[in-house]
Amino acid sequence: MSGSGLIQTQRLEVSLGPQHPSTHGVFRMDVVLDGEYVVKLKPVMGYLHRNHEQIAEKLTWLGSMPYTDRLDYFCSMTNNWAYALAVEKLAGLKVPERAEYIRVIMAELTRLLNHSCAIGFLLSDCGAWFTPVLYALRERERILDFFETVSGARMMCNYMRFGGVRVDLDETALAMARRLVARWPSFLDEFEKLITGNEVLLARMQRVGILPRELAINASISGPMARASGVAYDVRKVDKYGVYDRFEFRVPVGETGDTYDRYMIRILEMRESVKILQQALRDIPGGPVIAPEARLRGFKVPAGDGYARIEAPKGELGFYLVSEGGTKPYRYHVRPPSFINLTVLEDMCLGHKIADAIIILGSVDIVLGEVDR
Amino acid sequence: MNGFPGKGLLEGLAVTAKNFIGSYFDDNRKERLFTYQYPEERMPLPENSRTFPFLVYDGTPDQLRCTACKVCETECPPQCIYIVRDSDPNGKPLQRPKVFDIDISVCMQCGICAEVCPFDAIKMDCDFERSQHGRFEELVAHLPSLLKSNDYYHHIKPTEADRVDATRKRVKKPSPAAAAPAPTPGPAVAAVLSPTPLKPMSPPADILTEDEKRAWLKGYQSILGTGPIVWPLTTKKIATTPQPPTPAPAAAAVATPPASSLAGGEPWHDSGLDLAKRMELAKDRSLADRLMAAMAQLDCQACGYDCRGYANALAAGVTRDVTLCAPGEDETKNTLETLLKEAGKL
Amino acid sequence: MDAIFQLLQNSGAPMPEWLALALAILLPIVIVMGLFLTVFAFLTWVERKALGRIQNRRGPNRVGPVGLFQPVADGLKLLIKEDIVPGAADRVVHFLAPVLVVVPAFLVLTVVPVAKGFVPVDLNIGVLFALAVSTASVLAVFMAGWASRNKFSLLGAMRGVAQVVSYEVPMVLAAVVVLMAAGTLSSIGIVEAQRGWCGWFVCKPWGLVAFVIFQTCAMAEVARTPFDLPEAESEIVAGYHTEYSGFKFALFQMGEYVAAITMGGVTVTLFLGGYLGPGCDLPRIGWLVSAGWFFAKLGLVVVINIWARGTWPRVRVDQLLAFAWKVLLPLSLINIPAMALWYFLPNRLIGWIASAALLAVALVGLTRLNAGRAFEKRSYRFIS
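Keep in mind that this is a model prediction, so the values were computed, not measured.

Draft legend 1. Here's a closer look at the overall build of chain C. Check the secondary structure of chain C and you find 14 helices and one strand. A compact globule built from 384 residues would reach a C-alpha radius of gyration of about 21 Å, and chain C, at 23 Å, matches this within 12%. Taking the principal axes of its C-alpha atoms as reference, chain C extends roughly 90 × 65 × 40 Å. Put simply, chain C has 384 residues, and 52% of those count as buried. If you take every contact in chain C between residues at least 6 apart in sequence, the share linking residues at least 24 apart comes to 73%. Surface exposure of chain C reaches about 17200 Å², of which carbon and sulfur atoms provide 73%. In chain C, 29 positive and 20 negative side-chain charges are present, and the distance between their average locations comes to 11 Å.

Written as structure tokens, this is what we have:
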């Protein structure tokens, strides 16, 4: 019983249990409510822990590649790229130019499909009965079909290799990609017309779940969530990995850091991704797609340790690898953006109503495969 | 807030109305109606689509390309492949698998087995309708169901199969096709194996009921895939189709030795010989020769070299790893270790 | 009902009075319930197909031709499910709650004129009866939440009650202007008062505003999106009908849906001219034509319902209540003098302009007062 003033109220403990109607995976939140308001919130993760890092110590370097697909299972291409980047850094492999362009194309397509999915699910949490989700998924299907044409699988692509990519893009695949990208701006316009100006949505999402800029920096938040809070940091611009420095694109940065900002930043990022894709598809050179010294079997990475990171759609995805000079890693660690971004969930939800907590969780954009590994 | 109150709401209504009306006039899933009415309609799969592995044979199932080198078993990340090498009645190991099981409930469809196979023997299929009524034994694919012809491979992946055929120069067994003609495919199969490559798509229009469609789908894969399976797992002659002669003696003659500049040739370079015999043949030769004799003589490049190259590398101290000969397994590893220890190189 | 009784009495058939009375009571009940249950089943099918098409997919199309038997399949499935009652629940209340949801929905149909001359009971306080009885379902919501002996159900139920009660007031006030114009509470009287060119009350400025308010409140009463907080509570905290399974759950859904249709019927009666339309006065088939008009208008209202459901996200509970008390209530109150202006000013045209102007000012003023703070225009900077 907690008494505040004249009225005695009782705090209610709710467990928003692992089986969640909101589609973010098996994730639990222990919430303590005072009437309608959230007083305490503890995220409980681990329901999807699959021993990824332990398994990687038993597999060869290449053998972990399909497992990285399954980390953030929406964005398999970027997971692959981060891992390949880490290994190439340790092994000193140089990636041919065409492969770099292909990697950028795949990563930006992944960004498109991740953001459209994330926004769709956020809106369905808001209660828009699947209409925006299905529109987003309709466009996403085209990208998945493209991934299937190129790499053989829609989601678990297993496409990047150390020193390049596995399969080259032929002209039909490039034409398919160009067609796909050409549709995207009009889809975004229609989507924004449906949702962005909607007063119900504005009332629901503005001023909800504000993440202050200082907290975002201190908690090492990355990705669209940090940029919505005003932290002007994008790994693509800072590290300039791959061939990102050749493309002209801007990175949107918000001010308030509420749910609406996170939503708008993702929409704006999608538009910028379309720009990058148009440039990459226009400028892609010919050439080999894998480094000549790359080997599939018996590939040994020189001893040492290293950390490589990329701007995954959800944030900064990093791989820390320790090699003893053999064919298997000694230590393999993933820095998942969703996991780190979840640590500030309580700070964002305090003082809001329980209905907002769901929306705030949706705007963080987590995937449990990444959070739990 | 721009516009009049409620403008955003009305714009939203306009968009949904457009989608609603558009869905009635959508032309073949271009824009506004995106449903494939499974199982009557199926999405056309792209060529590269990969699901579970299968083993390729050229001609008859006895002419399968797999030599049981076990590279795929080693490289498979979730360890879903289990291979046991076949041997002839005298115990001499043969270059083909006796047991080749893939547990498709474990298989993660990564395609690494197909990438690393030195003989283009295992490739990725595109059949995804593999559900069974049980969870354990039913989901293990055994050798007969994994064997599918090169024609089937051309059927599902024409470009890739053409490329593979063009680059395949190594011939491990003589084609017994001269001795036994490949069985003629039946009319149903022949109709499907038309020159224009088709993708596995919807059943033909005259098959109407659900049961017929299901049966067609099952039959489709099994007709094309395995063909008339006659697998001599024992030496008993199974009198169905004409049997090709057991390839084991022929293999001995056919194992082409790599270009070797050694005087005296390399008599041990025959994967039909067992370890003791090979070591016997190489016993007075140099360290590199003896090291080479200890290996499996397949030139499969599982170790990253061919047999001669690996032996040279070990002898020169370029590498000290004795575990790389996958087909050779433990006996090769132990022998290499012993030899190198004797020579003081380990 | 009276008409049937008279008919039976005056036809020469040898019928005892009690039989005629019984038939006169039962026949309308059977007809109306049968008709509207069919309409309900059909409309669930329409809703699913329409939502599907909005979302670029087909709706159900496996059960029966184009999926027409889907409601039958759903009903059958729910009927044969196990009926689970929580151990600690209050069994009587738990059993009665779904009943109490369905009954008021059908009771309101007593005073809705479905066709010319076809109203089960021509009460001279018809509209009052309709509004009063439709509110009775709020009791059922609370009973369901209470009987489940579940903290979260109770929470959901309380929110549902708050929502329904808050939206009652603007709804009644919006109906008041119609009563002022028609001068009678009888539903047939109100329909007849809408005869003539542009006679439907929705064509008048105060009528249009009242129609929008009434329809919004009706959607909130029956908890349809964007006001479906009680149902979608299950996303967050368990809703009031969590502990219900099988046919009792089906009754909840049915009650809600039939209530939506029924309130649509009331809207049509009050604002859209009921069964009026060209051809409704024809000698022999006039009643059929008027029935057609009624159902066409009802269909329009239901289509708007479904369209809104497919498009808009749901509001949060405090925003819901704020909308009712701070926007709808003042607007419906201002609507009344606007109507009076229209009615009493000597020149009709000036009356139109005056009332329209008053309403426009009210609308703008209310929006400014309420929403000025909430909806900000955001700007984003770009780093390149």
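Moving on from the model shown.
Draft legend 2. Structural detail: the domain arrangement of chain C. Residues and elements named next belong to chain C. The domain boundaries assigned to chain C delineate domain 1 (1-71) and domain 2 (81-368). One C-alpha centre belongs to domain 1, the other to domain 2; they are set 20 Å apart. Taken together, the contact between domain 1 and domain 2 spans 16 residues of the former and 19 residues of the latter. Buried surface at the junction of domain 1 and domain 2, both sides included, amounts to about 1600 Å², of which 85% is carbon and sulfur. The largest per-residue losses of area from domain 1 upon contact with domain 2 belong to Phe 36, Phe 40 and Glu 47, which jointly make up 38% of the total buried on that side. At the boundary of domain 1 and domain 2, one finds one salt bridge. Arg 309 is paired through a salt bridge with Glu 47; the nearest N and O atoms lie 2.4 Å apart. Looking at the side of domain 1 that touches domain 2 residue by residue, the classes come out as 14 nonpolar, one polar and one charged.

Draft legend 3. Here's a closer look at the sheet that holds strand S4 (residues 122-124) of chain B. Residue and element names in this part refer to chain B. Taken in spatial order, the three strands of this open sheet run S4-S1-S6, and their pairing is mixed. Edge positions in the sheet fall to S4 and strand S6 (147-149), since each of these pairs with one other strand and no more. Strand-to-strand, the axes of this sheet are offset by a mean angle of 50°, without reference to chain direction. In this structure, strand S1 (residues 53-57) lies alongside S6, joined through three bridges in parallel fashion. Across the sheet, Val 56 pairs through a bridge with Lys 148, a residue of S6.

Draft legend 4. The packing of helix H7 (residues 151-182) of chain C against helix H9 (residues 205-221) of chain C, seen in detail. Residue and element names in this part refer to chain C. Close contact between H7 and H9 brings their axes to 8 Å; oriented N to C, the two are set at 150°. Of the possible angle classes, the one that applies to H7 and H9 is roughly antiparallel. Helix-helix and strand crossings are classified by hand; for H7 and H9 the assignment is left-handed. On H9, the residues that touch Gln 163, Val 164, Tyr 167, Glu 168, Pro 170, Met 171, Ala 174, Ala 175, Val 177 and Ala 181 of H7 are Trp 206, Ala 210, Ile 213, Phe 214, Cys 217, Ala 218, Ala 220 and Glu 221. For the contact of H7 with H9, the class distribution of residues is 15 nonpolar, one polar and two charged.

Draft legend 5. Local environment of the nonpolar core. Counting residues in hydrophobic clusters, the biggest one holds 151 residues, and the most contacted among them are Met106(A), Phe146(A), Phe147(A), Tyr159(A), Phe162(A), Ile81(B) and Phe100(B). Among the elements that make up this core, the one with the highest residue count is helix H4 (residues 97-126) of chain A (13 residues). Counting contributing residues, this core receives three or more from each of domain 1 (53-170) and domain 3 (257-346) of chain B. When near neighbours in sequence (up to four residues on either side) are disregarded, Ile81(B) contacts Cys72(B), Glu73(B), Cys76(B), Phe100(B), Asp101(B), Ile102(B), Cys113(B) and Ile122(B). One finds Phe36(C), Phe106(C), Leu359(C) and Leu366(C) within the second-largest nonpolar core, a separate group that totals 80 residues.

Draft legend 6. Representation of the interface of chain A and chain C. Between chain A and chain C, the contact holds 51 residues from the first and 35 residues from the second. Buried surface at the junction of chain A and chain C, summed over both partners, amounts to about 3900 Å²; 58% is from carbon and sulfur atoms. Counting across the interface, chain A meets chain C through two salt bridges. The shortest N-O distance in the salt bridge between Asp318(C) and Lys353(A) comes to 3.4 Å. Remark: the boundary between chain A and chain C carries nine residue pairs in polar contact (both at pLDDT 80 or more). Listing elements by their share of the side of chain A that touches chain C, those giving two or more residues are strand S3 (11-16), H4, helix H5 (131-151), helix H7 (199-205), strand S8 (251-253), helix H11 (259-283) and helix H14 (354-364) of chain A. Here the side of chain A that touches chain C is composed, by residue class, of 28 nonpolar, eight polar and 15 charged. As paired strands, S8(A) and strand S1 (residues 381-383) of chain C are joined by three bridges and run antiparallel to one another. From the neighbouring strand, Val251(A) faces S1(C), where its bridge partner is Ile383(C).

Draft legend 7. Just the packing of helix H4 (residues 91-108) of chain C against helix H11 (residues 247-271) of chain C, in detail. Residues and elements named next belong to chain C. Two elements in contact, H4 and H11, have axes whose closest approach is 8 Å; the angle formed by their N-to-C orientations is 20°. Judged on the interaxial angle alone, H11 and H4 are roughly parallel. Crossing hand, H4 versus H11: left-handed. On H11, the residues that touch His 94, Phe 95, Ala 97, Pro 98, Val 101, Val 102, Ala 105, Phe 106 and Val 108 of H4 are Lys 248, Leu 251, Phe 252, Met 254, Gly 255, Glu 256, Val 258, Ala 259, Thr 262 and Val 266. Residue composition of the contact of H4 with H11, by class: 14 nonpolar, three polar and two charged.

Draft legend 8. Structural context of the packing of aromatic side chains. All names here are of chain A. By the definition in use, this model includes 28 aromatic pairs over all chains. With a centroid separation of 5.7 Å and an interplanar angle of 50°, the aromatic rings of Tyr 73 and Phe 74 are classed as tilted. Looking at Tyr 73, the relative accessible area reads 23%, which means it is partly exposed. Phe 74 gets classed as partly exposed once you look at its relative accessible area, which sits at 22%. Relative to Tyr 332, the ring of Tyr 83 has its centre 5.5 Å away and its plane inclined at 65°; by these criteria the two rings are edge-to-face.

Draft legend 9. Structural context of the state of the cysteines. Residue and element names in this part refer to chain B. This model, assessed by the stated rule, comprises zero disulfides over all chains. Residue Cys 113 stays outside any disulfide, its sulfur separated by 6.2 Å from that of Cys 72, the closest cysteine. Left without a disulfide partner, Cys 126 is nearest to the cysteine sulfur of Cys 107, which lies 14 Å away.

Draft legend 10. Fine view of the pairing of strand S2 (residues 81-87) of chain B. Residues and elements named next belong to chain B. Judged from the six bridges that link them, S2 and strand S3 (residues 93-103) form a sheet pairing that is antiparallel. Its bridge partner being in S3, Ser 87 is matched across the sheet by Pro 93. The antiparallel pairing of S2 with S3 creates a hairpin that spans five residues between the two strands, and Gly 91 there sits at a positive phi of about 95°.

Draft legend 11. Quick look at the interface of chain C and chain B. Taken residue by residue, the interface counts 15 residues in chain C and 19 residues in chain B. Interface area, chain C with chain B, both sides summed: about 1700 Å², of which 59% is carbon and sulfur. Joining chain C to chain B, the criterion identifies zero salt bridges. The tally of links from chain C across to chain B stands at seven residue pairs in polar contact (both at pLDDT 80 or more). Partitioned by chemical class, the residues of the side of chain C that touches chain B number six nonpolar, five polar and four charged.

Draft legend 12. Quick look at helix H6 (residues 171-195) of chain A. In this model H6(A) runs 36 Å from its N-terminal to its C-terminal C-alpha over 25 residues, within 8% of the 36 Å that 1.5 Å per residue would give. At Trp184(A), H6(A) shows its largest kink, close to 30°, and the proline Pro185(A) lies no more than four residues downstream.

Draft legend 13. Structural detail: the environment of Pro346(C). Residue and element names in this part refer to chain C. As for its position among the elements, Pro 346 is in the loop between helix H13 (317-344) and helix H14 (348-371). Given the relative accessible area of 79%, Pro 346 is considered exposed. Separated by 239 residues in the primary sequence, Pro 346 and Leu 107 have C-alpha atoms spaced 41 Å apart.

Draft legend 14. Quick peek at the pairing of strand S11 (residues 329-335) of chain A. All names here are of chain A. Relative to S11, strand S10 (residues 315-323) is paired through six bridges, and the arrangement is antiparallel. Its bridge partner lying in S11, Ser 323 is registered against Pro 329. The turn linking S10 back onto S11 is made up of five residues, and Gly 325 within it adopts a positive phi angle of 95°.

Draft legend 15. Inspection of the sheet that holds strand S5 (residues 140-141) of chain B at higher detail. Residues and elements named next belong to chain B. The sheet built from three strands is open, its strands ordered S2-S3-S5 with antiparallel pairing. In the strand order of this sheet, the two ends are held by S2 and S5, each with one partner. Alignment of S3 against S5, held across two bridges, turns out to be antiparallel. Looking at the pairing, Ile 102 lines up with Ala 141 of S5.

Conventions used here
- Residues numbered from 1 in each chain as written.
- Chains lettered and ligands numbered in written order.
- Predicted model: local features only at pLDDT ≥ 70, side-chain atom pairs only at ≥ 80, totals over all residues.
- Heavy atoms only, no water.
- Helix = DSSP H or I, 4+ residues; strand = E, 2+ residues; numbered from the N terminus.
- Rg over C-alpha atoms; globule rule 2.2 N^0.38 Å.
- Buried < 20%, exposed > 50% of the residue type's maximum accessible area, 1.4 Å probe, protein only.
- Contact = heavy atoms within 4.5 Å.
- Areas by Shrake-Rupley, 256 points an atom, 1.4 Å probe, with all protein chains shown as cover.
- Lys, Arg positive; Asp, Glu negative; His and termini not counted.
- Charge placed at Lys NZ, Arg CZ, Asp CG, Glu CD.
- Domains from an automatic or database assignment.
- Buried area = accessible area lost by both parts, 1.4 Å probe.
- Salt bridge = Lys/Arg side-chain N within 4 Å of Asp/Glu carboxyl O.
- Nonpolar A, V, L, I, M, F, W, Y, C, P; charged D, E, K, R; others polar.
- Pairing = 2+ DSSP bridges.
- Axes fitted to C-alpha atoms, helices over the stretch in contact; angles between N-to-C directions.
- Parallel < 35°, antiparallel > 145°, perpendicular 65-115°, else oblique.
- Left-handed = near helix turned anticlockwise from the far one by under 90°.
- Core = buried A, V, L, I, M, F, W, Y, C linked by side-chain atoms within 4.5 Å.
- Polar contact = N/O pair within 3.5 Å; in protein donor to acceptor, adjacent residues only side chain to side chain.
- Phe/Tyr/Trp six-rings, centres within 6.5 Å; stacked < 30°, edge-to-face > 60°.
- Disulfide = S-S within 2.5 Å.
- Expected span 1.5 Å × (residues − 1).
- Bend = angle between axes of the 7 residues up to and from the residue.

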